[in-house]
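Now for the letters of each chain:
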Amino acid sequence: MNFKHIDIHSHLNLSQFDTDREVVIAKMKEEGVGTITVGTDYATSVFAVELAEKHDNLFACIGIHPTDVATEIFEYEKMHELAVHVKVVAIGECGLDYYREPTGEDKIRQKALFESHIKLAQEVGKPLMIHSRPRKGSMDAYEEVLDILEEAKKTYPNLKANFHFFVGDIAIAKRALLLGCTMSFDGPITFARDYDEVIRMLPLESIMAETDAPFASPEPYRGKRCEPWMVSEIVEKIAEIKEISVEEVANILRLNAIKMFQIK
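Read on for an overview of the structure. (Residues numbered from 1 in each chain as written. Predicted model: local features only at pLDDT ≥ 70, side-chain atom pairs only at ≥ 80, totals over all residues. Heavy atoms only, no water.)

Description of helix 3 (residues 76-83)
Part 1 of the argument: For helix 3, every residue scored as buried is listed here: Tyr76, Met79, Leu82 and Ala83. All buried residues of helix 3 project into a common sector of 125 degrees when viewed along the axis, lining one side. Exposed residues pointing more than 90 degrees away from the buried face of helix 3 are listed as Glu77 and Glu81.
Part 2 of the argument: Tucked into the core, helix 3 has its buried residues touching helix 2 (42-54), strand 3 (58-62), strand 4 (88-97) and helix 4 (104-124). (Buried < 20%, exposed > 50% of the residue type's maximum accessible area, 1.4 Å probe, protein only. Helix = DSSP H or I, 4+ residues; strand = E, 2+ residues; numbered from the N terminus. Arc of directions from axis to C-beta. Contact = heavy atoms within 4.5 Å.)

If you want it as structure tokens, here you go:
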């Protein structure tokens, strides 16, 4: 199908959609919206692939969330079997999450898990969907993710990555740009001004839009469950911040997603 918008990160595979998932997907089709359904563990990754197989406006991303490192083992062969599926367009969400100040051992495990995702992404030739969440008042997780990516690029020069739900500052954004990374933005940009400076600085070709549904609903839907078709609100806010027409921004962001994730 032809897409008006592509929400590059949502979780239609989570229980919040169990009662009306097909209704939500039908509304997305009516609105011309596609989405990448993102796994957070093996079970939700399998479900993401199953959903993508059923619907031409859904694609899948498979991986294990960094905060699940203590409860789930990354079984490389099983994940590889999912990763080569034609509807799988990215590996993740993966990275480092320091928001709740994990122990030193947990940090070591998170880094090892992230490196397993990097290896898999390179092997199957698909980009990383990065989750990077620093401690409050810090950029620590971003700094360490970028350190790891800079080192990985020496071995895997073609490695690509998108920073999902980007909340980094300008210095972090510039480091990510130097690595050829893209950054995606969510509902909070529609009601918080913390993101404006970074969005103005970034080239439009390095930006994508996402919802992280069912979380982080944009205005005017705050307080309600977020759904992928709401991505249009985020696109419109990016256009407003950058003072570019909504039509131009929507088209470029759609093409960015198609290029990064090889969406056909």
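Here's the deal with the packing of helix 4 against helix 5 (residues 140-155)
Part 1 of the argument: Helix 5 packs onto helix 4 with a crossing angle of 40 degrees between their chain directions and a minimal axis gap of 11 Å. In terms of axis orientation, helix 4 runs oblique to helix 5. Between helix 4 and helix 5 lies a crossing of right-handed hand. Within the contact between the two elements, helix 4 uses Lys111, Phe114, Glu115 and Ile118 and helix 5 uses Glu144, Val145, Ile148, Leu149 and Ala152.
Part 2 of the argument: Grouping the amino acids of the contact of helix 4 with helix 5 by side-chain chemistry returns 6 nonpolar, no polar and 3 charged. (Axes fitted to C-alpha atoms, helices over the stretch in contact; angles between N-to-C directions. Parallel < 35°, antiparallel > 145°, perpendicular 65-115°, else oblique. Left-handed = near helix turned anticlockwise from the far one by under 90°. Nonpolar A, V, L, I, M, F, W, Y, C, P; charged D, E, K, R; others polar.)

Let's talk about the pattern of salt bridges
Part 1 of the argument: As enumerated under the stated definition, the model contains 16 salt bridges in all.
Part 2 of the argument: We note a salt bridge from Lys154 to Glu151, for which the minimum N-O separation is 3.1 Å. Of this pair, Lys154 and Glu151 are both found in helix 5, 3 residues apart, which corresponds to roughly one turn of the helix.
Part 3 of the argument: Overall, the relative accessible area of 48% leaves Glu151 in the partly exposed class.
Part 4 of the argument: Close ionic contact of Glu227 with Arg225 constitutes a salt bridge, the shortest N to O distance being 2.6 Å.
Part 5 of the argument: Given a relative accessible area of 13%, Glu227 falls into the buried group.
Part 6 of the argument: Assessed through its relative accessible area of 23%, Arg225 is described here as partly exposed.
Part 7 of the argument: Each of Asp20, Arg225 and Glu227 takes part in salt bridges that share partners, so that together they form one network. (Salt bridge = Lys/Arg side-chain N within 4 Å of Asp/Glu carboxyl O.)

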